[in-house]
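What follows is the residue order along each chain.
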Amino acid sequence: MSAVATPTREKARAAGISLKRLPRGQWGTVLLLAALVVADFAVQPNLADVDQIGLLLQTAMPAVLLAAAQTLAVLSRGVDLSVGSVMVTTNVLVATKLGGIDGSHMGLIVPIVAVGAAAGLINGALIAYGGLEPFVATLASWAIFNGVALLILPTDGGAVPTTITNLVIGKVGPIPSSYVGVAIVLAFWWYLRRSPLGVRILAVGSDESRAFLNGIDVRRTKLLVYALSGLIAGLAGIYLAGATSSGTPAAGDGFLLPSLAAVVIGGTSLAGGRGGIGLSVMGVMVLTFITDLVTNLQLPSWVAVVANAAMLLLVVSLRSLPNVLSRKETP
Amino acid sequence: MTGSGIQPRPAAVPADPPPFGAGEADGLRVTGLGKSYGQVTVLEGVDLHARPGEIHALLGENGAGKSTLMKVLSGVIHADGGRIALDGRELTLGSPDAARAHRIRTVFQELSLVPDLGVAENLLIERLPRQRFVGTIGRRRLVREANALLESAGLDGVDPRTRVAELSLAVRQQLELVKALRVDPSVLILDEATSALGPSESDWVLAHARAQASRGAVVIMISHRIAEVRGHADRLTILRSGHSVATGAPNAFDDDALIEQMLGRRVERLYPARAPARERVVLRAKGLHVPGSFGPQDLELREGEILGIGGLEGQGQRALMTALAGAIPFHGELELNGESVSYRTPRQAIRNGIVLVPEDRGAEGLLLSHSIRSNIALSSVEKLRSRMRSIDAGAEREATEREARAVGLDVRRMGEPARNLSGGNQQKVVLARALLTEPRVLLLYDCTRGIDVGSKADIMAALAQLTASGVAIVYYSSDAAELVHLCDRVLVVRSRRIAGVLDCARATGEEDILHLAVGTRGDEEEEAA
Amino acid sequence: MTLRLPRRLSATAAAYVVCAALFAFATIHSSSFASAGHVRQLLVFASFIGFAGLGETLVILGGGLDLSVPWLMALGGMQLSIWASGGMPSGLAILLLVGIGALIGIVNGLGVTLLRIPPIIMTIGTGALVEGYLMKVGLNSSSAVTAPKAAQTLVENHVAGIPVVALVWLGAAIVTWWVLKRTVFGRSLYATGANEAVARLAGTRVIAVRVTTYAASGAAAVFAGILLAGYIGQAYLSMGAPYLFSSIAAVAIGGASVLGGSGSYWGTVAGAGTLTILAALLPTFNLSDAALNIVYGLVILLAVGASRFARRGSA
């Protein structure tokens with residue numbers, strides 16, 4: 001009798017919770033990434049090689065990890081401005097406390113990983129139990145951990161155990177380990193998304209008060225989100241140490257804004273509840289290939305900076321444009 | 001009239017209800033419940049006894065304490081004093097989990113479905129089925145169980161993989177009930193559970209409520225629809241100003257007695273007498289067209305007229321209203337008082353004298369953190385400037401208090417943040433804001449949904465005043481009875497077009513609106529003379 | 001017993017309490033801290049953060065964020081030097097530059113409102129474009145350019161013992177206060193920051209308001225850069241870098257909500273003062289830059305905690 005607005009099964013599938021299909025809007029990003037890869041290969045044909053791409057992935061890996069960390073915070077409707085600082089904290093610890101190139105104190109790697117998680121726990125406690133805005137709490141910890149890193153190692157230097165370096169730049173069988181790294185990150189997200197914690201994170205990000213009504217411990221979930229974010233950011237610092245064979249206490253700030261840019265380009269909503277690490281990894285790849293393409297064109301450095309910025313703005317505009325045009329709203 | 005919910009299959013009432021647990025089946029007994037926020041007492045000495053097997057209605061104005069009482073029973077907030085007992089056992093409801101542990105389930109008015117999660121995840125959010133070794137959620141089992149729940153409730157039309165945010169309000173309200181029924185609750189609380197639903201979906205909800213009651217559960221329903229209460233409740237309790245003032249069977253009270261108990265005073269007529277609309281056409285639309293949503297259609301609005309917009313929910317009424325308000329782009333010609341106008345933003349519409357009171361007062365209508373005064377002034381700040389181009393605080397105070405009084409708000413509270421007010425009072429603030437713009441045409445979108453009788457009366461009185469001074473009103477409501485009693489004419493919208501225009505002076509009834517809404521009895525293209 | 005202030009005031013008051021407490025502590029530790037000459041210096045330093053933070057305050061009140069501030073500051077300093085050394089009258093050059101800053105801000109605003117690009121990304125992007133431009137012009141002269149006389153005089157002159165810059169800053173603060181509190185723009189800004197959808201439906205010119213905030217931020221950042229260049233005597237690419245964090249931190253310490261809709265510029269002024277006092281205080285303890293970072297972070301936590309505590313006890 002009545003006109004029923006039931007969604008068809010097809011529409012439901014496209015928007016549904018299955019990861020088998022990307023939501024429609026994200027196909028644009030995939031195409032864009034493909035276009036960038038093709039352009040990059042065209043400019044530098046040597047790139048189309050397993051080892052070369054592996055090197056690219058290796059350079060991108062810290063950014064991948066930071067984007068993953070940032071994604072978790074954003075999914076819970078927050079933000080983590082301290083990801084870069086936590087990264088350099090574990091980074092300088094690796095370069096100074098593990099006993100030099102021989103790695104005589106390799107056992108300390110475990111507490112170092114824990115430092116990342118602890119930093120995240122502090123953020124989480126301030127936000128979940130202290131009631132601070134994520135922006136403000138992580139703004140403060142951004143400064144604090146930067147300071148801590150500088151205290152431990154005032155300038156670039158230190159020595160990174162070869163064990164770690166080999167892990168990062170080495171191979172797993174025939175392929176560079178960076179592929180495995182990316183795969184691990186994606187597998188981690190696949191698992192998290194399907195776990196009860198994953199559902200809780202999305203619920204909290206989507207609508208905190210309703211999540212609470214449903215019996216979700218909102219505060220504990222947020223605490224865990226930031227703890228995980230800190231843990232992953234800490235891992236990024238260890239990886240970076242392996243990749244550069246030294247400690248770089250000032251490198252954090254340069255990674256923060258790209259982590260946010262990657263999340264936005266990937267399509268995760270800054271309002272929380274929608275998106276995922278898989279998308280952010282794609283975002284990092286888009287940024288990486290833009291940078292690589294511009295570098296390979298061997299333009300003067302100022303042109304490179306402008307080209308990078310222009311492409312970033314272009315990409316983000318393209319991503320918003322379909323929404324803007326179809327928006328049935330007057331300005 | 002709403003109803004873009006799912007057409008459900010009727011609920012089956014079990015033939016022989018199994019006995020409901022051993023022990024005294026006393027039901028839910030609340031004694032002397034109290035709750036205060038600082039100086040403000042919201043509940044005091046509240047008694048309620050809802051017996052097992054009965055549907056117990058809870059009536060009262062917004063601000064009477066019904067939602068607070070429900071939140072206490074659902075474990076969302078803690079009472080300061082009093083006792084709650086279920087079947088003789090005293091309960092401590094310290095959290096939503098504690099309430100759930102006692103099989104108390106609430107169908108919340110604001111709904112508890114998380115928008116970005118899927119239907120299945122929402123329905124089973126308390127108990128997500130896990131894989132054995134890996135600990136992840138079994139997707140297939142999740143969908144299967146959700147399908148089973150939906151089928152047994154009679155809602156096979158919903159795909160459990162859909163994201164809840166994409167479903168209409170009506171469907172979400174239906175799902176909210178399915179979620180509550182999943183655990184066969186011993187106490188089922190329905191808080192305005194039918195507010196967005198049309199007749200058949202409402203009947204479905206109440207049939208399920210009756211079925212649950214027959215299984216020995218306690219069912220408490222809050223509703224402002226007195227007809228619904230009379231039709232389905234076995235007993236009722238009335239709250240007023242935080243106290244329980246009356247209880248008994250519905251037929252022990254006539255309508256006037258009910259309203260009198262709720263308000264503590266008599267209300268003569270909900271819909272005050274109004275002079276008939278004038279002849280002059282104030283707004284004329286030709287070819288009004290929102291691509292994909294409404295039209296092209298023509299319509300006319302007269303001075304002093306209340307033009308109702310009816311029809312089932314989702315037929316294009318929202319597009320019509322928001323287009324007239326300038327909030328969405330549209331094609332077609334508009335004439336205001338004989339002059340052609342064209343506007344593309346709400347701001348321009350307001351400058352032309354057309355203003356909208358939106359559907360969702362919390363999300364679209366009010367700045368909840370700002371004071372009542374600055375909310376009322378929001379659309380008119382430019383008018384309140386002194387010669388120095390700054391805002392004249394004195395003029396602002398005077399103007400906002402004037403409008404506040406016109407809608408029945410307590411001017412002593414003007415400095416408080418808008419979020420402190422009850423739903424009915426919040427609606428009045430939005431209305432006052434619209435009135436301050438001195439409109440020629442006022443667009444009201446379901447402005448009395450879910451608000452209490454007292455606020456409704458105040459708003460109706462204000463509208464009558466307005467039309468007497470020549471303001472024309474376009475009034476969309478999901479309540480057909482309201483349209484029939486309030487409006488001069490009713491445009492019934494169906495499938496993006498105007499199915500017919502009814503003249504309320506000529507003994508129109510709700511069934512006339514319904515027929516046009518669903519297309520039985522043929523199209524009556526009665527253009528207004 | 002406790003003073004019951006309205007919400008907004010108590011957050012700002014808390015910021016001033018923190019600032020005053022720090023100043024008192026610094027004076028106890030080192031008596032010359034409160035000397036006239038030193039206070040003058042502090043005022044000048046604080047004004048740099050103050051101007052950068054002025055624009056940032058407006059943008060944040062409207063619900064946005066401006067991360068292009070450091071590059072616009074560098075643009076102010078470097079471009080002024082280039083034009084001045086090329087013969088352009090300083091007054092004209094300054095006016096022109098502030099106008100360019102406003103234009104860049106308008107671009108930011110349009111990107112954020114019309115294209116719906118998140119402010120973080122939009123302003124990083126335009127900032128990087130400005131950076132690229134500066135790298136190019138930096139190639140043609142020495143990497144650090146000397147600041148023109150006009151900028152230097154602005155910073156060095158005093159009136160009745162108070163640096164001109166501080167007076168200009170005070171004037172700007174009063175104008176900002178008046179605009180926010182008493183004009184339609186101010187009302188519209190608070191409404192937009194509180195809930196953009198509601199404001200729009202109520203007839204607020206949301207787009208115009210937000211674009212204006214970004215324009216003001218661009219202009220203020222350029223002006224801050226000119227002042228800074230005048231003070232240091234030079235302009236170079238990374239001169240604005242520390243001010244990104246400082247401008248946002250000043251707003252946060254001042255008690256404004258970083259989500260928008262509440263706060264005042266006076267709070268940012270207190271925030272600027274606090275950060276400046278800290279930066280001057282810590283070297284006297286022989287603490288490094290690293291320690292300064294840590295202290296900044298702790299002070300943000302302290303200040304925000306204090307303002308939340310103050311708000312809890314008020315209307």
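No experiment lies behind these values; they were computed from the predicted model shown. (Residues numbered from 1 in each chain as written. Chains lettered and ligands numbered in written order. Predicted model: local features only at pLDDT ≥ 70, side-chain atom pairs only at ≥ 80, totals over all residues.)

## Remarks on the overall build of chain A
Argument step 1. Of the regular secondary structure elements, chain A holds 14 helices and two strands.
Argument step 2. In terms of overall dimensions, chain A is globule-like: its C-alpha atoms have a radius of gyration of 21 Å, near the 20 Å expected for 331 residues.
Argument step 3. Its C-alpha atoms put chain A at 80 × 50 × 40 Å along the principal axes.
Argument step 4. Looking at chain A as a whole, 55% of its 331 residues qualify as buried.
Argument step 5. In chain A, the share of contacts with a sequence separation of at least 24, taken over all contacts with a separation of at least 6, comes to 78%. (Helix = DSSP H or I, 4+ residues; strand = E, 2+ residues; numbered from the N terminus. Rg over C-alpha atoms; globule rule 2.2 N^0.38 Å. Buried ≥ 20, exposed ≤ 12 C-beta atoms within 10 Å, placed from the backbone. Contact = placed C-beta atoms within 7 Å.)

## A word on the overall build of chain B
Argument step 1. Assigned secondary structure in chain B consists of 17 helices and 20 strands.
Argument step 2. In terms of overall size, chain B behaves like a compact globule, its C-alpha atoms giving a radius of gyration of 24 Å where 529 residues would be expected to give roughly 24 Å.
Argument step 3. Seen through its C-alpha atoms, chain B measures out along the principal axes to roughly 75 × 50 × 50 Å.
Argument step 4. Out of the 529 residues belonging to chain B, those deemed buried represent 53%.

## Observations concerning the sheet that holds strand β11 (residues 281-290) of chain B
Residues and elements named next belong to chain B.
Argument step 1. Read across the open sheet, the four strands follow the order β12-β11-β14-β15; overall the sheet is antiparallel. If you trace the sheet from one side to the other, it starts and ends with β12 (294-302) and β15 (339-341), each paired once. Each adjacent strand pair in this sheet contributes to an overall mean axis angle of 15°, direction not counted.
Argument step 2. Here six bridges tie β11 to β12, and the two strands are oriented antiparallel to one another. What sits directly across from Val290, in β12, is Phe294. (Pairing = 2+ DSSP bridges. Axes fitted to C-alpha atoms, helices over the stretch in contact; angles between N-to-C directions.)

## Brief notes about the packing of helix α3 (residues 50-75) of chain A against helix α13 (residues 277-296) of chain A
All names here are of chain A.
Argument step 1. Two elements in contact, α3 and α13, have axes separated by 9 Å at closest approach and are oriented at 140°. In terms of axis orientation, α3 runs oblique to α13. The crossing of α3 and α13 is right-handed. Contact residues: α3 offers Leu56, Ala60, Ala63, Val64, Ala67, Ala68 and Thr71, while α13 offers Ile277, Ser280, Val281, Gly283, Val284, Thr288 and Asp292.
Argument step 2. For the contact of α3 with α13, the class distribution of residues is nine nonpolar, four polar and one charged. (Parallel < 35°, antiparallel > 145°, perpendicular 65-115°, else oblique. Left-handed = near helix turned anticlockwise from the far one by under 90°. Nonpolar A, V, L, I, M, F, W, Y, C, P; charged D, E, K, R; others polar.)

## Side note on unusual backbone geometry
Residue and element names in this part refer to chain B.
Argument step 1. In this structure, Pro296 follows Gly295 across a cis peptide bond, with omega equal to 5°.
Argument step 2. The residue Pro296 is located in strand β12 in this model.
Argument step 3. The residue Asp184 is not glycine, and still its phi comes out positive at about 55°.
Argument step 4. Owing to 12 C-beta atoms within 10 Å, Asp184 belongs among the exposed residues under this scheme.

## Here we look at helix α11 (residues 241-253) of chain C
All names here are of chain C.
Argument step 1. For α11, spanning 13 residues, the distance from its first C-alpha to its last is 19 Å, which sits close to the expected 18 Å at 1.5 Å a residue.
Argument step 2. For α11, every residue scored as buried is listed here: Tyr243, Leu244, Phe245, Ser246, Ser247, Ile248, Ala249, Ala250, Val251, Ala252 and Ile253.
Argument step 3. The first or second residue beyond α11 is Gly255, which carries a positive phi of 95°. (Expected span 1.5 Å × (residues − 1).)

## Some thoughts on the nonpolar core
Argument step 1. Counting 377 residues, the largest nonpolar core has Val64(A), Leu65(A), Leu443(B), Leu227(C) and Ile300(C) as the members making the most contacts within it.
Argument step 2. For this core, the element with the most residues is helix α10 (residues 206-232) of chain C, which contributes 17 residues.
Argument step 3. Beyond its immediate stretch of four places on either side in the chain, Ile300(C) contacts Val136(A), Leu139(A), Ala140(A), Ala249(C), Ala252(C) and Ile253(C). (Core = buried A, V, L, I, M, F, W, Y, C linked by C-beta atoms within 7 Å.)

## Observations concerning the sheet that holds strand β2 (residues 40-50) of chain B
Residues and elements named next belong to chain B.
Argument step 1. Pairing is antiparallel in the open sheet, where four strands are placed in the order β2-β1-β4-β5. Of all strands in the sheet, those bounded by a partner on one side alone are β2 and β5 (89-90).
Argument step 2. Relative to β5, strand β4 (residues 81-86) runs antiparallel, the two being bridged by two bridges. Note that in β5 the partner of Ala85 across the bridge is Glu90.

## Some details on the environment of Gln41(C)
Residues and elements named next belong to chain C.
Argument step 1. Mapped onto the elements, Gln41 comes out in helix α2 (residues 36-61).
Argument step 2. According to the C-beta neighbour criterion, Gln41 is partly exposed, with 15 such atoms within 10 Å.
Argument step 3. Taking the C-alpha atoms as reference, Gln41 lies 24 Å from Leu72; in sequence the two are 31 residues apart.

## Focus on the interface of chain C and chain A
Argument step 1. Each partner contributes residues to the interface: chain C has 32 residues there, and chain A has 36 residues.
Argument step 2. Those elements that provide at least two residues to the side of chain C that touches chain A are α5 (119-140), α11 and α13 (289-312) of chain C.
Argument step 3. The leading source of residues in the side of chain C that touches chain A is α13(C), at twelve residues.
Argument step 4. In terms of residue class, the side of chain C that touches chain A is made up of 23 nonpolar, four polar and five charged.

## Things to note about the confidence of the model for chain A
Argument step 1. Per-residue pLDDT for chain A averages 87, and the proportion of residues at 70 or more is 91%.
Argument step 2. Contacts for the low-pLDDT stretch residues 1-21 of chain A, under 50 throughout, to residues beyond four places or in other chains number 46 contacts. (pLDDT = per-residue confidence, 0-100.)

## Some words on helix α13 (residues 393-407) of chain B
Residues and elements named next belong to chain B.
Argument step 1. For α13, built from 15 residues, the straight-helix expectation of 21 Å at 1.5 Å per residue is met to within 8% by its first-to-last C-alpha distance of 21 Å.
Argument step 2. Where α13 is concerned, the buried positions are Glu396, Thr400, Glu403, Ala404 and Val407. Projection of α13 onto a plane perpendicular to its axis shows the buried side chains occupying an angular sector of 105°, all on one side. For α13, the exposed residues set more than 90 degrees away from the buried face come down to Gly394, Glu398 and Arg405.
Argument step 3. Where the residues of α13 are buried, they touch α12 (372-377), α14 (423-436) and α15 (453-468).
Argument step 4. Trailing α13 by a residue or two, Gly408 shows a phi angle of about 90°, which is positive. (Arc of directions from axis to C-beta.)

## Structural notes on the domain arrangement of chain B
Residues and elements named next belong to chain B.
Argument step 1. Once the domains are mapped, chain B shows domain 1 (28-263) and domain 2 (281-353 + 439-518).
Argument step 2. Each of domain 1 and domain 2 has a C-alpha centre, and these two points are 33 Å apart.
Argument step 3. Facing the twelve residues of domain 1 at the interface are ten residues of domain 2.
Argument step 4. A per-class count over the side of domain 1 that touches domain 2 returns four nonpolar, six polar and two charged. (Domains from an automatic or database assignment.)

## Remarks on the environment of Ser112(B)
Argument step 1. Residue position: Ser112(B) is located in the loop between β6 (104-107) and α3 (119-123).
Argument step 2. Judged by local crowding, Ser112(B) falls into the buried class, with 23 C-beta atoms found within 10 Å.
Argument step 3. Note: C-alpha distance between Ser112(B) and Ala153(B) (41 residues apart in sequence) is 18 Å.
Argument step 4. If we ignore the near neighbours within four places in the chain, the residues touching Ser112(B) are Arg210(A), Leu213(A), Asn214(A) and Glu176(B).

## Looking at the confidence of the model for chain B
Argument step 1. The predicted model of chain B has a mean per-residue pLDDT of 85, with 91% of residues at 70 or higher.
Argument step 2. Note on residues 522-529 of chain B: pLDDT is under 50 here. Beyond four places in sequence and across chains, it has eleven contacts.

## Observations regarding the packing of α3(A) against helix α4 (residues 83-97) of chain A
Residues and elements named next belong to chain A.
Argument step 1. Interaxial distance between α3 and α4 falls to 10 Å at its minimum, and their mutual angle equals 130°. Taken together, the axis directions place α3 and α4 in an arrangement best described as oblique. When you trace α3 past α4, the crossing you get is right-handed. Of the residues in α4, those touching α3 at Pro62, Leu66, Ala69 and Gln70 are Val83, Gly84 and Met87.
Argument step 2. Classifying every residue of the contact of α3 with α4 by side-chain character gives five nonpolar, two polar and no charged.

## Quick word on the environment of Leu117(B)
Residues and elements named next belong to chain B.
Argument step 1. Within the fold, Leu117 resides in the loop between β6 and α3.
Argument step 2. A count of 25 C-beta atoms within 10 Å places Leu117 in the buried class.
Argument step 3. Remark: the alpha-carbon pair of Leu117 and Glu90, spanning 27 residues in sequence, is separated by 36 Å.

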